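Here's the letter readout for the chains.
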Amino acid sequence: MNRKPSGVAILGATGSIGLNALDVIGRFPDRFRVTALCAGKNVRSLLALAEKFRPSVLCLCEPVAPSRLKGLPSRTRVVFGEEGMHEAVAAKGTDIVLAAASGVSSIRPVIAAAGAGKRIALANKELLVMAGKFLVEASRLGGGELLPVDSEHSAIFQAIEGHRREDIKRILLTASGGPFRTWTVARMRTATVADALGHPTWRMGAKITIDSATLMNKGLEMIEAAWLFGLPPSRIDVVVHPQSVVHSMVEYRDGGVIAQLGPADMRIPIGYALSWPGRLPLDGPGIANHLQGAWTFGKPDMRRFPALALAYTAAEAGGTAPAVLNAANEMAVEAFLAGRIRFTDIARIVARTIETTRCGSRSDTLQAVLDADAAAREETGCILSRIRIPRG
Ligand code: NDP
Ligand code: MG
């Protein structure tokens, strides 16, 4: 059957998810067509992608001099900032928006795209953590789909398809445990940026790799799962599974458990979010290499990994608490990557920000949530300014 290729706008095109998505899209030109590409400041990489994929819109987070845009394809328009991102997600022929920019600056354009009925292939979990209520609601009202790209959530989505929500007992969210799974707290205090960036199973952008080392990533994913699948945090349990073969499981009330498995390759969940309900012939190696060794499962240690406990507390509190958690974490991770704080300071700073941020308890508008995000960033900034830079 001949059908029109789906138009895809990619936010975060130059990042780890964006490039994996473009690898998939590039292999199926009869299925997908790139309509817009957005990045932060990496003009050169974005231009190289534009040359290859010929989108009608290119977006950068801030204006650049025309002299830096040499080589721009003649039919490609360049736009900037949040307004530009709105134009990008609305580019002619866009059916799917891949939300894979880091941070939360894409929240309004992604909500607008969801409200306009476009499929949102969501990698950017921070958007759901901060403003899940508004994104889920916009997608419902718009009549499009909100499909997970995060591997665990893609697994849960696949394990839930065809089942009744009321039959679900709980979700078992798997975690690799990160590079410090077996480290003591004392040793983690001395962890370097290079240590924390050495993820054992997945290759990803820097921020999410640090989040995987603190287990904050799993905390954010728990909140992401709560929004995507409509379950309370108390019914989402984290299971440490260092081999990263089982991507998550769903336990049903009859005692049966459905898991989804696969190699640690983000092109699989990205491809599924783009092609759902069909599957692309990606023809990867499958799990052949994993069939010999043992697969293990254990409980996370919340004492050594307090970030996970903080995420549960924020999720139970609801309202603007997850937005505060997310904002504080983003700034603390940035400070750690810049060598300004120790690895173990990340969770301490998030906890302190949650305790001291003064923001209204209202979370009934997107603006109230954005205000809480701004208040938390200000508070984290103050806390960071009082911290002594660690030596050696
Ligand atoms: P990267 O750091 O590799 O890439 C981030 C992307 O966002 C880059 O294209 C970057 O552009 C762009 N960007 C940065 N700032 C802005 C801005 N202000 N406006 C618009 N775009 C911006 O991140 P990842 O690809 O690893 O992760 C992206 C998202 O996907 C995150 O939310 C992460 O949690 C999520 N995710 C990632 C997974 C992975 O395997 N990597 C797995 C599951 C979820 P530039 O190059 O110009 O800086
Ligand atoms: Mg994940």
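Above this note sits the structure.
Here the structure is a predicted model, which means the values were calculated and not measured. (Residues numbered from 1 in each chain as written. Chains lettered and ligands numbered in written order. Predicted model: local features only at pLDDT ≥ 70, side-chain atom pairs only at ≥ 80, totals over all residues. Heavy atoms only, no water.)

Asker: Could you give me a rundown of the packing of aromatic side chains, with the residues and numbers involved?
Answerer: According to the stated counting rule, one finds five aromatic pairs in the structure shown. Here F157 and W276 contribute two aromatic rings whose centre-to-centre distance is 5.9 Å and whose plane-to-plane angle is 55°, an arrangement assigned as tilted. One end of the pair, F157, is in helix 6 (residues 151–160); the other, W276, is in the loop between helix 11 (267–275) and helix 12 (306–317), and 119 residues separate them in sequence. Under the relative-accessibility criterion, F157 is labelled buried at 15%. The partly exposed category is assigned to W276, whose relative accessible area is 23%. A centroid spacing of 4.8 Å and a plane angle of 80° characterise the contact between F180 and F343, whose relative ring orientation is edge-to-face. Of this pair, F180 sits in the loop between strand 8 (168–175) and helix 7 (185–189) while F343 sits in the loop between helix 13 (321–337) and helix 14 (345–356), and the two are 163 residues apart along the sequence. Both residues of the pair, F180 and F343, count as buried. A network of ring pairs unites the aromatic residues F180, W183, F336 and F343 as a single cluster. The ring centre of W183 lies 3.7 Å from the NZ or CZ of R187, which sits over that ring. (Phe/Tyr/Trp six-rings, centres within 6.5 Å; stacked < 30°, edge-to-face > 60°. Helix = DSSP H or I, 4+ residues; strand = E, 2+ residues; numbered from the N terminus. Buried < 20%, exposed > 50% of the residue type's maximum accessible area, 1.4 Å probe, protein only. Lys NZ or Arg CZ within 6 Å of the ring centre and 35° of its normal.)

Asker: Explain unusual backbone geometry to me, using residue names and the numbers behind them.
Answerer: Residue W276 is joined to P277 through a cis peptide bond whose omega torsion reads 5°. Following the sequence through the fold, P277 ends up in the loop between helix 11 and helix 12. If you check the backbone angles, L215 has positive phi at about 75° while not being a glycine. Along the chain, the position of L215 falls in the loop between helix 9 (206–214) and helix 10 (216–229). A relative accessible area of 4% places L215 in the buried class. With a phi angle near 50°, S244 is a residue other than glycine that sits in the positive phi range. Relative to the helices and strands, S244 is located in the loop between strand 9 (236–240) and strand 10 (246–252). Classification of S244 as buried rests on a relative accessible area of 7%.

Asker: Give a detailed account of the site of ligand 1, specifying residues and quantitative values.
Answerer: Near ligand 1 there are 25 residues, and of these T14, K41, N42, E126 and G205 occur at the shortest range. At 2.9 Å, a backbone N or O of S16 approaches an oxygen atom of ligand 1. A breakdown of the residues in the shell around ligand 1 according to their chemical character gives 11 nonpolar, 10 polar and four charged. (Near = heavy atom within 4 Å. Polar contact = N/O pair within 3.5 Å; in protein donor to acceptor, adjacent residues only side chain to side chain. Nonpolar A, V, L, I, M, F, W, Y, C, P; charged D, E, K, R; others polar.)

Asker: Describe the layout of surface pockets, with residues and values.
Answerer: Considered as a void within the structure, the second largest pocket measures approximately 340 Å³ in volume. Lining the second largest pocket are 16 residues, and of these L146, L147, F157, R165 and L228 lie nearest its centre. Counting residues per element, the ones that place at least two in the lining of the second largest pocket are helix 5 (125–142), strand 7 (146–148), helix 6 and helix 10. Split into classes, the residues belonging to the lining of the second largest pocket amount to 10 nonpolar, two polar and four charged. (1 Å grid on protein atoms, 1.4 Å probe; cavity = no way out; pocket = protein on both sides within 12 Å on 5 of 7 lines; lining within 4 Å. Points joined across faces, edges and corners; volume = space filled by probe spheres on them.)

Asker: An account of the pattern of salt bridges is requested, with residue identities and associated values reported.
Answerer: Close approach of charged atoms lets side chains of opposite charge pair. For the coordinates displayed, the defined rule picks out 24 salt bridges. A salt bridge links K41 to E62; the shortest N-O distance between them is 4.0 Å. You can see K41 sitting in the loop between strand 2 (32–38) and helix 2 (43–53) and its partner E62 sitting in the loop between strand 3 (57–60) and strand 4 (77–80), a full 21 residues away along the chain. Of the residues examined, K41 reaches a relative accessible area of 57% and is grouped as exposed. Judged by its relative accessible area of 41%, E62 falls in the partly exposed class. Put simply, D265 and R267 hold a salt bridge, and the shortest N to O gap is 2.8 Å. Connected through salt bridges with shared partners, the residues K125, D150, E152, K218 and E221 form a single ionic network. (Salt bridge = Lys/Arg side-chain N within 4 Å of Asp/Glu carboxyl O.)

Asker: Describe in detail helix 1 (residues 16–27), supporting the description with residues and values.
Answerer: With 12 residues, helix 1 ought to run about 16 Å at 1.5 Å a step, and its terminal C-alpha atoms sit 17 Å apart, in line with that. Those residues of helix 1 that fall on the buried side of the exposure criterion are I17, G18, A21, L22, V24 and I25. Seen along its axis, helix 1 keeps its buried residues to an arc of 160°; they face one direction. Along its buried surface, helix 1 packs onto strand 1 (6–11), strand 2, helix 2, strand 5 (96–99) and helix 11. (Expected span 1.5 Å × (residues − 1). Arc of directions from axis to C-beta. Contact = heavy atoms within 4.5 Å.)

Asker: Outline empty space enclosed by the protein, supporting the account with residue identities and numerical values.
Answerer: Unfilled space is identified by rolling a water-sized probe across the atoms. Across all of its chains, the model carries one cavity of 30 Å³ or more by this definition. Estimates place the volume of the largest cavity at around 60 Å³. The set of elements that each furnish at least two residues to the lining of the largest cavity consists of helix 6, strand 11 (257–261) and helix 11.

Asker: Kindly report on the side chain of H241, identifying the contributing residues and their values.
Answerer: Relative to the assigned elements, H241 resides in the loop between strand 9 and strand 10. Separated by 3.1 Å, the side chain of H241 and the backbone nitrogen of V245 make a polar contact. At a separation of 3.0 Å, a polar atom in the side chain of H241 contacts the main-chain carbonyl oxygen of T296.

Asker: Could you give me a rundown of the sheet that holds strand 6 (residues 119–122), with the residues and numbers involved?
Answerer: One open sheet accounts for seven strands, arranged 4-3-2-1-5-6-7; its pairing is parallel. For this open sheet the edge positions go to strand 4 and strand 7, each flanked by a neighbour on one side alone. This sheet shows a mean twist of 25° between the axes of neighbouring strands, independent of strand direction. When strand 3 meets strand 4, the two strands line up parallel, connected through four bridges. Looking at the pairing, L58 lines up with V78 of strand 4. Where helix 1 meets the sheet, its contacts fall on strand 1, strand 2 and strand 5, and the angle it forms with strand 1 comes to roughly 160°. (Pairing = 2+ DSSP bridges. Axes fitted to C-alpha atoms, helices over the stretch in contact; angles between N-to-C directions.)

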